[in-house]
Amino acid sequence: MEYKDIPTKADIERIAALREPGCVSIYLPTGTTPPEADRARIELKNHLSQAVRALEALGVAKARIQAVQAEGEVILDDRDFWRYQSRSLAVFLDGEVAQTFRLPNRLNSACEVADRFYVKPLLRAVTFPQSALILALAQNSVRLIRIAAEAPPTPVEVEGMPQDVASAAGLPSISGRSPDGRVQGSEGQKVRMLEYVQAIDRALHPLLANSTEPLILAAAEPLSGIFRGASTYPHLVEETIGGNPEEKTDEELSAAARGVLDAVYARKTDELKDDFEARIAAGTALVDLSDIARAATFGAVESLVFDIDRRVPGTVDDESGAIDLAPEDAPGYYGVVDEIIRRSLASKAKVYAVRAEDVPGGGAVAAAVRFPV
């Protein structure tokens, strides 16, 4: 079983705003099977020991170090927690705060110790969809499937979901159908299909009420168009997996849906690139790291695009925004890009974690600004 608790933007802003001596940020790959969870638990234990040594080297108060260690041990000892994992785990500890997120995307292992939390990897899970739901819709059947990064498709049980057009219309399950099982009567058939998709939409509502997951429709016309006209879900993807979904396995639908998610990602990154190129030409976007650090310090960043994988060791001055680069990562060096992200989040900027080739200007980060600094 896969369990996800993906952070909201408000969660990330809250974590990014915390600043105390001895903030420990740990990321590690996990998995949904007991052996994978056991390996992840051992890795977290090793990271916690590493963090304690780093805290001691930084001269953090002994009481705070003990509190951090105690928080970590509570997580390590929670057997129920380790039974339900996703693809990665993020852990934040500072002696007063203990926060975990089980994430659907695979993250690299990391243990960072500084006077603020390391949030950049966390943003990968919320920038673009890492998981989605597929609604496989036909006249004689409907099924909901969840897909996630690097995980097999999983059927989702939906209470109150109608079985077919006939059941949704209150017709007998066999009588009133043609030999091939379809509801008869050309004049009333679209009305019955509308009742069918409305019943599906009502059944899905409790599940989707607080969700932001993309919903990908797999259906043929006219059901596809009728469902789109009736659906109230704001995250219904515009692309459709065509054809009769009854003829496709869950794995085949999952493969097609990943192609749809790739198209969604490509469309959004193209829109970001076009917008930034226009703003760079107009002088309202920056690509120089020093300029961006200064803009973030004074709350001028409106939107930020950054390379999720690139590290720039160093610090950023609290008052001026001046960058002090470091030759390599070490405890206490929280990273220049991460600090730019943290300050941008504090001014309610939109932030986007992308691949290196999708950063406008080709650097580690690009920023659109509200005003010149």
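Notes on the structure in this doc start here.

Parameters and conventions
- Residues numbered from 1 in each chain as written.
- Predicted model: local features only at pLDDT ≥ 70, side-chain atom pairs only at ≥ 80, totals over all residues.
- Heavy atoms only, no water.
- Helix = DSSP H or I, 4+ residues; strand = E, 2+ residues; numbered from the N terminus.
- Buried < 20%, exposed > 50% of the residue type's maximum accessible area, 1.4 Å probe, protein only.
- Contact = heavy atoms within 4.5 Å.
- Areas by Shrake-Rupley, 256 points an atom, 1.4 Å probe, with all protein chains shown as cover.
- Lys, Arg positive; Asp, Glu negative; His and termini not counted.
- Charge placed at Lys NZ, Arg CZ, Asp CG, Glu CD.
- Expected span 1.5 Å × (residues − 1).
- Arc of directions from axis to C-beta.
- Pairing = 2+ DSSP bridges.
- Axes fitted to C-alpha atoms, helices over the stretch in contact; angles between N-to-C directions.
- Phe/Tyr/Trp six-rings, centres within 6.5 Å; stacked < 30°, edge-to-face > 60°.
- Core = buried A, V, L, I, M, F, W, Y, C linked by side-chain atoms within 4.5 Å.
- Domains from an automatic or database assignment.

### Quick notes on the overall build of the protein
Consideration 1: If you tally the helices and strands in the protein, you get 11 helices and 15 strands.
Consideration 2: Each principal axis of the C-alpha distribution contributes one length, and for the protein these read about 80 × 55 × 25 Å.
Consideration 3: By residue count, 49% of the 373 residues in the protein fall in the buried class.
Consideration 4: The long-range share in the protein, meaning contacts at least 24 apart out of those at least 6 apart in sequence, stands at 69%.
Consideration 5: Entry remark: accessible area of the protein is about 17,400 Å², with carbon and sulfur atoms responsible for 50%.
Consideration 6: Taking the average place of the 41 positive charges on the side chains of the protein and the average place of its 56 negative ones, the gap between the two points comes to 1 Å.

### With respect to the side chain of S88
Consideration 1: Within the fold, S88 resides in strand β2 (residues 88-93).
Consideration 2: Leaving out residues up to four positions away in the same chain, S88 has contacts with L28, P29, T30, F101, R102, L103, N105, R106 and L107.

### Concerning helix α3 (residues 62-77)
One turn of an α-helix holds 3.6 residues; hence residues three or four places apart share an orientation.
Consideration 1: With 16 residues, α3 extends 22 Å from end C-alpha to end C-alpha; this agrees with the ideal 22 Å at 1.5 Å per step.
Consideration 2: Considered for burial, the residues of α3 that qualify are R64, I65, V68, E71, G72, I75 and L76. Buried residues of α3, viewed axially, fall in a sector of 140°; they line one side. Facing away from the buried side of α3 by more than 90 degrees, the exposed set consists of K62, A63, V74 and D77.
Consideration 3: Tucked into the core, α3 has its buried residues touching β1 (19-29), α2 (34-57), α4 (79-83), β2 and β3 (98-103).

### Looking at the sheet that holds strand β14 (residues 350-354)
Consideration 1: Read from one edge of the open sheet, 4 strands run β10-β15-β11-β14, paired in mixed fashion. Only two strands of the sheet have a single partner each, and these edge strands are β10 (285-286) and β14.
Consideration 2: With 5 bridges connecting them, strand β11 (residues 301-307) and β14 associate as parallel partners. Of the residues in β14, the one forming a bridge with S303 is K350.
Consideration 3: Packed onto the sheet, helix α9 (residues 250-282) meets β10, β11, β14 and β15 (365-369) and runs at close to 60° relative to β15.
Consideration 4: Where helix α10 (residues 289-297) meets the sheet, its contacts fall on β10, β11 and β15, and the angle it forms with β15 comes to roughly 45°.

### Concerning the packing of aromatic side chains
Consideration 1: Under the counting rule described, the total for this entry stands at 5 aromatic pairs.
Consideration 2: Here the aromatic rings of Y27 and F92 are separated by 5.9 Å at their centres, their planes lie at 90°, and the arrangement is edge-to-face. In this pair, Y27 is assigned in strand β1 and F92 in strand β2, connecting sequence segments 65 residues apart. No difference in accessibility class separates Y27 from F92, as the two residues are buried.
Consideration 3: When the ring of F92 is compared with that of F117, the centres are 5.4 Å apart and the planes differ by 80°; the resulting orientation is edge-to-face. You can see F92 sitting in strand β2 and its partner F117 sitting in the loop between β4 (110-116) and α5 (124-127), a full 25 residues away along the chain.

### Concerning the nonpolar core
Among soluble globular proteins, nonpolar side chains are generally buried collectively.
Consideration 1: Judged by nonpolar contacts, the single largest core of 40 residues is most densely connected at Y27, F92, L122, L304, F306 and I341.
Consideration 2: When residues in this core are grouped by element, the largest group, 5 residues, is from helix α11 (residues 336-346).
Consideration 3: Shared between two domains, this core takes at least three residues from each, and those domains are domain 1 (7-125) and domain 3 (282-367).
Consideration 4: When near neighbours in sequence (up to four residues on either side) are disregarded, L304 contacts I292, I340, I341, S344, K350, V351, Y352, V365, A366 and A367.
Consideration 5: Ranked by size, the runner-up nonpolar core spans 25 residues in total, among them L144, M161, Y196 and V197.

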